[in-house]
Amino acid sequence: MHPRATPIARRTLASLAGIAGLTLLAGCSQSRSAQADADAQNAATPATQTATDDQRQYDPYAHSATNLSGSATIAAAQDPWAQDANRANAMDVYRRAFNSEVPAGLSDYNPPESYNINQITTTDVGSDFDPDIAADGSFVVFASTQHHPSADIYLKRADRNVITQLTSDSGHDVMPAVSPDGTRVAFASNRSGNWDIYVVSLDGAKPILITSDSAHELHPSWSPDGSRLVYSRLGTNSGRWELWVTNVDNPAKRSFVGYGLFPEWNPVAGTGDNGADRIVFQRSRERNDRSFGVWTIDFADDRSSNPTLIASSGDQALINPTWSPDGQFVVYASVPNPTEWAEGDQYARPGTADLRMVDAWGRGNISLTEGNSVDIMPTWGPGNRLYFVSNRGGQENLWSMDTAPAVLAARNEIRGGNSATASVPTD
């Protein structure tokens, strides 16, 4: 693999364009050649697919026949912050945080950078990526190549500077997800040849295999009760990235729930229509620039419904969506479409990528980071602390920021009925 193909470049490139195949998508180093990766991806695409060769190379994840301007549900729902008491409580928190008056709107919100941005890991060799946070905020898990060319899963306690290695294998272990009770970590690994989902306990026991067929499965996310996982699967028949849900204790019981990539289960149960759970994910359109937007689906009784587009862009690919702990907001990475920076170089990377926030109904779209760094792979912890991967220090490390002021300002803006996009520079 080309030495310039960093984990961020790999996962971003594959998320957007599928240029170098599945191992790039996983965000880790890989010993196979780029041509072998491309051959593997081409082999996984059915000959009956109607897209042209150029379309398949640009984006092999033609996820759905849903027409974005037609049958898809465009976000609209009752305002969950209509209660004056809720608004008053939110304003109170803002005043305590900044010792100031609540801004009239998002355009006035500009908290100091020193308050928002903190560096969590400090590796200067390899990269730290794919963070996930325990529900109580006591530790963060992440994938890293700081000690080995292959990626392993590590754990860092909130009150310590040391890190603990959870997995060690000749393959790549990536995309960890902490169970709601904080006792287990699900992750993706290619230790058996293809990408599968595993679950390991924090006591260091041998990982348990959850998926075992010949397809590639990636990016697990836990249901609120910890009994199930949703993940991405490259369909052997469809040739598309699919969303599947499986029972952790009975992996043979699984359900196909739609097409998409990088799903995350809402941590609060019953937030969908009629008490259904809600899952957020990224999905590409099937026409024009084919860039990714952020979608949600409702899930109940092993069935999905209400595909809902909550964020899209004409010139950006929106990837890596993650829920706030209260299930009311989504943060995602906004990356320029690869036609603007790849220019045929499969090892190229975007010059910038920013984090944006929107509420679960597509309102209050707000920029959390703006600058010259590549900020991606966000994950939300308690206390509105957002963790993400950034190269702002020169090397890909984990960083965090306090989103509480942004959330409160967004709620204020939504409450006031103004949902226009706003910018909140912090770097």
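As a reminder, the structure under discussion sits directly above these lines.
All values derive from a computational prediction rather than experimental measurement. (Residues numbered from 1 in each chain as written. Predicted model: local features only at pLDDT ≥ 70, side-chain atom pairs only at ≥ 80, totals over all residues. Heavy atoms only, no water.)

## A few points about the packing of aromatic side chains
- Following the criterion strictly, the structure yields 5 aromatic pairs and no others.
- Ring geometry for Phe142 and Tyr154: centres 6.0 Å apart, planes at 20°, overall stacked. Separated by 12 residues along the polypeptide, Phe142 in strand 4 (residues 139-144) and Tyr154 in strand 5 (residues 152-157) bring together distant segments of the chain. You'll find Phe142 and Tyr154 in the same group, each marked buried.
- Between Trp265 and Phe299, the aromatic rings sit 5.6 Å apart at their centres with planes inclined by 85°, giving edge-to-face as the arrangement. Residue Trp265 is located in strand 15 (residues 261-265), and its partner Phe299 is located in strand 17 (residues 292-300); the two are separated by 34 residues in the primary sequence.
- What links up through ring pairs into an aromatic cluster is the set Trp244, Phe256 and Tyr259.
- The ring of Trp399 has Arg392 lying over it, and the distance from NZ or CZ to the ring centre is 5.6 Å. (Phe/Tyr/Trp six-rings, centres within 6.5 Å; stacked < 30°, edge-to-face > 60°. Helix = DSSP H or I, 4+ residues; strand = E, 2+ residues; numbered from the N terminus. Buried < 20%, exposed > 50% of the residue type's maximum accessible area, 1.4 Å probe, protein only. Lys NZ or Arg CZ within 6 Å of the ring centre and 35° of its normal.)

## Focus: the layout of surface pockets
- The calculated volume of the largest pocket comes to roughly 660 Å³.
- Residue lining of the largest pocket: 34 residues in total, with Asp132, Ile133, Val178, Glu264 and Thr379 positioned closest to the centre. (1 Å grid on protein atoms, 1.4 Å probe; cavity = no way out; pocket = protein on both sides within 12 Å on 5 of 7 lines; lining within 4 Å. Points joined across faces, edges and corners; volume = space filled by probe spheres on them.)

## Some details on the sheet that holds strand 7 (residues 173-178)
- Taken in spatial order, the 4 strands of this open sheet run 7-8-9-10, and their pairing is antiparallel. Edge positions in the open sheet fall to strand 7 and strand 10 (208-209), since each of these has one partner strand only.
- In this sheet, strand 8 (residues 184-189) lies alongside strand 7 in antiparallel orientation, the contact comprising 4 bridges. When the sheet's bridge partners are listed, Ala177 is paired in strand 8 with Ala186. (Pairing = 2+ DSSP bridges.)

Honestly, it's all geometry; don't read function into it.
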